[in-house]
Structures are given as structure tokens and as C-alpha cells.
Amino acid sequence: MQLVLRSLFALLLTGFALPAGAQTGGEAYVHASGELSMVDGGRPERRRVVFRAGWPASATAAMEDPRVAGASLRLAAASGEGDTGAIVLPFVRWRGLGHPAGKGGYRYDDPSRSEGGIRSVVARLGRHRGILKVIGGGASWPYSITGLQSGFTVTFAIGETRWCSDFRTPLAKSTSRRVLAKSAAGFASTFAAIQDVIFTQHRCTETACHGSAAQGGLDLLPDVAYQNLVDVFSPAGQMNRVTPGDEKQSFLWRKLAKATLALADVPGAAMPNGLAPIPEAQLEALKIWIRAGAPATGVVGGTESLLSSCLPAADPVHIRAPAPPAPQDGVQLHAPAWPLAARDEDEVCFATYYDFSAQIPLEAQTPCPDFWGGPTKSCFYYDRSELTQDPNSHHSLIHIYKGAYDVTDPAANFGPFTCHGGASDGQPCNPVGIGQPAPGGANCGVDSGCAGKVVSSVACIGYGPPDYGFDLNGLGSDNAPLIGGSQAPVSSNVYPPEVFSLIPVKSVVVWNSHAFNLTFQPTTNQQWLNLYFAGPTDRTYPVQGIFDARDIFVQNVPPFETREYCRTDTLPQGARLFQLSSHTHKRGKLFRIWGPGIAKACSSSNDPTCTPEPGPPIFTTTQYNDPTVLYFDPPVALDGADGASRRYKFCSLYDNGATNPDEVKRQSTSPNPPPPIPPGLAGGPCSDAVVACMAGPRKGQPCHGDDRQCDSSSGAADGVCDACPLLGGVTTEDEMFILLGLYYVVP
């Protein structure tokens, strides 16, 4: 048991947590034809809103019970003029219609209009058609008409089903006091929504801007915008206008972010030039689209709400394969495609083999140190890496196996080896037959690769040969050290001058890949790692990693509360720190770092005085799935004999439904940890001994698995006993607390 728990420290990015913009697996997407009426009488108490919508019954198989699954409503203006946010409609105010209750649909009543001004909601699903009617208003209705409106999107959700109506210009009526509108067709793709919501509505396509005048050589009119943006070099920005997978290397995103986020070091005027910045939500949608590979067609998950648009269900997306380095400059490792069923996720391990003996220049090679097998083997230096992976990846962790077993030895359990992907998919191959066609060799043809069997495994526990080992420190086991990895679709590491890494010229790669397929179609995941040779002057100091996971599972946050945890990390004397980052799961809302110069070493796990520092942090991130990466150039020199001068403190705030009660960890929706981890050891559903009420007068209080203890009044039969404490663990619903970074040591 202890061994399994310790091995979980391997989970650098391994926890089951949704990526940016992700949608949960069971969602249905229904475009509802609707009518919207809003009146703003000049005083908040005179506001009124009525929304009616209908849809073919065939568009959704069933309607979930909002008393169990939860429900919400959101109205968002098309150009950022306003947004109600998600108005949560509490469980206790819903009742089932018909006999038995729920057969005829559901009704929500709140005469006080306490939740976002909503007075009533009726949702029915008949034999031929579904209907929805929402009535609300008053001072609690959070949308105020302040002028002519350009359009709206109304989204109603019960559990994992979403109904959406788009209202676009020209509206039936729009004045400073009233709006009447009938819904239009939704967009067919994320890029089509970007074209309208960002480029057209923010006047980027007007003649004098990026319309026919093509200011700056860029025409953004609908028929040419995509081909003028993606993979097209911008002389002004000295980068592509859009680089698939990397918004930070996309001049379009940077120019818009200069206005919206005050992004520094961006040449020229901010965009839109001379106009109001685009809203942050729209900029985030553009980022998600770019990170998903900037597809011309199809829907990228999560962009519909950010763009306030109705979009169909998300499609599988694949990133463009990067070109390998020139033979004299570097090498490319490839993890060929492994399959993911529709609406599924998996974490897998599999092996590939490489032999670059004939390619790597002799001047880039060196006898291996003992760590890599000693001077009888050859290694090569590199000082830059670029990892590209399909955007459905939650993480990639890349290991080099250096144990005693040959890659083709059946006892190693790497095989059988087959071609993955392409026309040769499933055909046997020989991993050591470099340059020879399959089945006798490793060459499987275009869009394919020779790889071992794909094994589902968390952190490769129990995978491979008997001597593969367990990871006890987060950087790989003794016989399978970690050489790279990332969450992002495109990530790069460029080491400071004189700093290097090295690996063997030929070896076995074990790919630990965790990916989601949150679409309704089967898909695959694959990745590529480019390594660039280090020159003779850049081979002085080996790079070292920070992976402080000593308090990885420290969390214990009661339902509907927050907690912040801290600890310190002291770097060795002579360290040169050049990168810091973090890792939590989705309820990690704020991660901060202070230092150096922290007087006292501490941990919240055993010291209640280990709290955030009073001064401003050097690092802040609020996005668990796209954390900030802080680079130091020049690196921070940590030469002091006093540990305090080399000590950093890092803290993370966890929110278990305090801000949004819908985000509380729930017993009913929390999966067990995947095998071989025993249930309850590292996350999963809470026990009846600690489960608590979701709402009502005993909200957050223990209910011992009995819904009746949570009723709004005795015998009301409307209670839900489902709220869990937030603990540390490896699943989507559990948490982690890890400090990441890179440094080297000058003796």
C-alpha cells in the first residue's frame, strides 16, 4: 500500500483533470428556435425578460431531472455589451410535472426572483417537440439595456444537456429600452464564429481596416481570412499571424492581447486599432482555437460560451505534425497514434525505439556518463526541445528506459510491435529495423509509426519489464527517467547558455500519455518531440528539475468552503533558477510563489503558521489547465550560504464550491481512482460518513448518505445528500499541489 502511494508522486501532470475549454463527456447540444423579449424601464425594478424556445424531440433523447443534475441559464450579448453569467437555478425550487413527477417535464418557481431575477421556468419534452419558457426581471435580473444591441445568445442547461438560441443583427426591435428578437441559425464551426463575433462585429473587416484596403497586408473578409492568417508569416511581428498550437507565437493573438490584456513587447498599434478592446472571453476563445490547431472547420470544445454563440457538438481536432529538425541540427522522436473511443479518456503507456547513430554528427556525441550506461555507450548533447501533441492531450510524460531488457525481448512486455496509424495500421513491424519497411523493419509509411502495445496505466505503474521500477520523486524511476513532457499542445524549452541535457544515441522511449476524447466520434492522439543539438560552448552545466510534490495530497477542504496551503522549497547553493511553474487540478484557483529570501522553512501540513507572505508574489496563476510559466533571464543566482537566501514559498488556494456551489465535489459524480490504485487511497467518491447536504437549511452539514436529512422542510422530499470534502488524489474531482521549475548549479 505504501509503495503504491509513493509511486503516485510520479504524477507530474497525471491527474484526471479536464483541459482548457473541455466539455464533459455526456453533453448533448440542441439548437433551439426561440424568441426573446427584454424591457428595461429605466429603473432596475422595471426590467422584464421573456424567452421562449422549441426544438424537435428527436434532437435530444431525454431530459435530465434538474433536481438532481442541476440547471442554469445564461444570456450574453454578442459583442460583449453584457453578460448575466451562469444563473444557477437551485435544486429546491424545481418540481416534476405529470405522473409520475417528471414525466411531463419540470417547473421552476421563485416568486422572490432571488436567483438572477428568474421568476419561472417550464421545460417539457413531448413526443414531437420540446418547449422551454423563461420569465424573469426586476432588480435582480443582471442585464441592463444601455443602448442599441447587436445580438444575444441564450443558453439553458440541465445537467449535461444544453439548449442554445442565437439572436443576431438585424434584431426585430432594438432601442435603448427594449429588445425583440427571433433566433437565427447557429454557426457551423468555431472559426465561422470567430469570423463574425471577433472580426466582423469589432469592425476589423471594414474597408478602411482589414477589409478590401487590407491594412498591413491583411485582408480579413470571410472568403479569404483563414488562408491569410494560418501559417502566414508577418514581417511586422517576425512570427506567423497564426501558429497552430501556440498563441504566444501567433501575431494575431498578441496584437489583440496588447489591447485586451496590455500585453507588452508587441510591435505596432494594438488591435482593434482605435476601438475598444475585444472582451477577455473572446480573446480566450481565440487562444483555445489556436491551441487546438487552428482548424478551418469543425468545433473546438469550450469556444461556444466564450464567443456567446450556438455551436454544434465539438469535433475531434488534430494538430499539424511539426517538421523534424534538419539532420545536422537535431532529431525527432515520434509517438504514433493511439486510439480513443467516443466520449472517453485514457492514460496509457507504450514503447518506441530510436537509433540515430547514423545521423548525429560525431561532434554532437560524447561517451555516456554512468547514469546512461557508461562510456561504452554514446550519448548526445541538446539544449532545446519542442514538444507538439494533439490538443486532446491532458499531459505527455516522456521516459527513456535504460534497464537490462532488450526492446524485442518478450520478457520486457513492450510488444507486440505493430504499425500505429496510416495505411499500415495494425501490421506487424520490427522496432530495431530502422529505415526498413514493415513487417521486417520499422518503417510503417506515411502518418504511421512502429510502437509496442498500448497499455492503460496511471504513471506506467505495473507497465513494461520487471526492472522498469516505480517513480518515487516525480522525475522518473531509476530505470526510466523523465526527459520531457507538457500539458500544452506546443511547448518549448530553450536552456540558457552553457546549459545542456543529454540522452543515449539509441534507446527505448516509453510514452506516458493521458488524453480525452470529449466528442461523439472516435479519435486518436499522437505527439512529436524535437531535440536540437547543443554546440560546444553550451555543454558546461547539466539542467536540473524542480518537482516539489511533498504535499501533493495535502488538501482537505469542506464543502462550500476554501482553503489555502503553503510550503517552502530551498534550492542548492550555486543554483541558477531560470524557470518556475505550477500544477493543480480544476479547484486550484490561485497559485502564488514568493522568494527568494523566505526566513523559515515550513509546510501547511504540520504548521498552521505556514501562510502566504505579506508582500507581492513573483508568480501568480489562476488557470490550472494553462498555468503561467515564469522565465528568468538572466537566471536568478542563489549563492548564499544561508538557506533563507535560496528559499521560495509557494501557496495554492482551493475552492470547493464556495464561490459557485455547482462546483462542489460530489459523491455521485466522483470516479474511483483507476487500477491498480485501491479505491479511497488517492481520491474518488467520499464516504457516507462525511458526505453533506447540497442545499437547504443544512447545506454543507453531514447527512450520512440520507437525502431526507437535507429536505427544505420535514417530508418535502427535495433534499440532495451529495457534497464531498475536497481531498488530494488522481481523479478529475480530486486535487494536487506541485511546484515545478528548472535550474542548473554552478560549483
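Cut-offs and rules
Residues numbered from 1 in each chain as written. Predicted model: local features only at pLDDT ≥ 70, side-chain atom pairs only at ≥ 80, totals over all residues. Heavy atoms only, no water. Domains from an automatic or database assignment. Helix = DSSP H or I, 4+ residues; strand = E, 2+ residues; numbered from the N terminus. Buried < 20%, exposed > 50% of the residue type's maximum accessible area, 1.4 Å probe, protein only. Disulfide = S-S within 2.5 Å.

Participant: Would you explain the domain arrangement of the chain in this entry?
Facilitator: How big an interface is tends to be stated in terms of the accessible area lost upon association of its parts. Split into domains, the chain comes out as domain 1 (33-182), domain 2 (190-292), domain 3 (330-415 + 452-539) and domain 4 (546-658 + 735-745). If you average the C-alpha positions of domain 1 and of domain 4, the two centres end up 42 Å apart.

Participant: What should I look at first to understand unusual backbone geometry in this one?
Facilitator: Across the chain, the bulk of peptide bonds are trans and the bulk of non-glycine residues have phi less than zero. The omega torsion of the bond from H99 to P100 falls at -5°, within 30 degrees of zero and hence cis. By secondary structure assignment, the location of P100 is in the loop between β6 (94-96) and β7 (106-109). Cis geometry is found at the peptide bond from G415 to P416, where omega equals 5°. With respect to the secondary-structure elements, P416 resides in the loop between β20 (393-401) and β21 (418-420). Of note in this structure, D447 is not a glycine but carries a positive phi near 55°. Topologically, D447 is positioned in the loop between β21 and β22 (449-451). Look at D447 and you get exposed, because its relative accessible area is 61%. At C460, a residue that is not glycine, the phi angle is positive and equals roughly 60°. For C460, the position within the fold is in the loop between β23 (455-456) and β24 (476-477).

Participant: It is not clear to me how the state of the cysteines should be interpreted in this structure. Could you clarify?
Facilitator: By definition, a disulfide links the sulfur atoms of two cysteine residues through a covalent bond. Counted according to the given criterion, the structure contains 10 disulfides. Across a sulfur-sulfur distance of 2.0 Å, C686 and C724 are joined as a disulfide pair. Here C686 and C724 share a disulfide; its torsion about the S-S bond, -70°, makes the bridge left-handed. Taken together, the residues C686 in the loop between β38 (647-656) and β39 (692-693) and C724 in the loop between β40 (721-723) and β41 (726-727) connect sequence positions 38 residues apart. Linked covalently through their sulfurs, C703 and C721 form a disulfide whose S-S length is 1.9 Å. Its S-S torsion of approximately 90° makes the covalent link between C703 and C721 right-handed. In this pair, C703 is assigned in the loop between β39 and β40 and C721 in strand β40, connecting sequence segments 18 residues apart.

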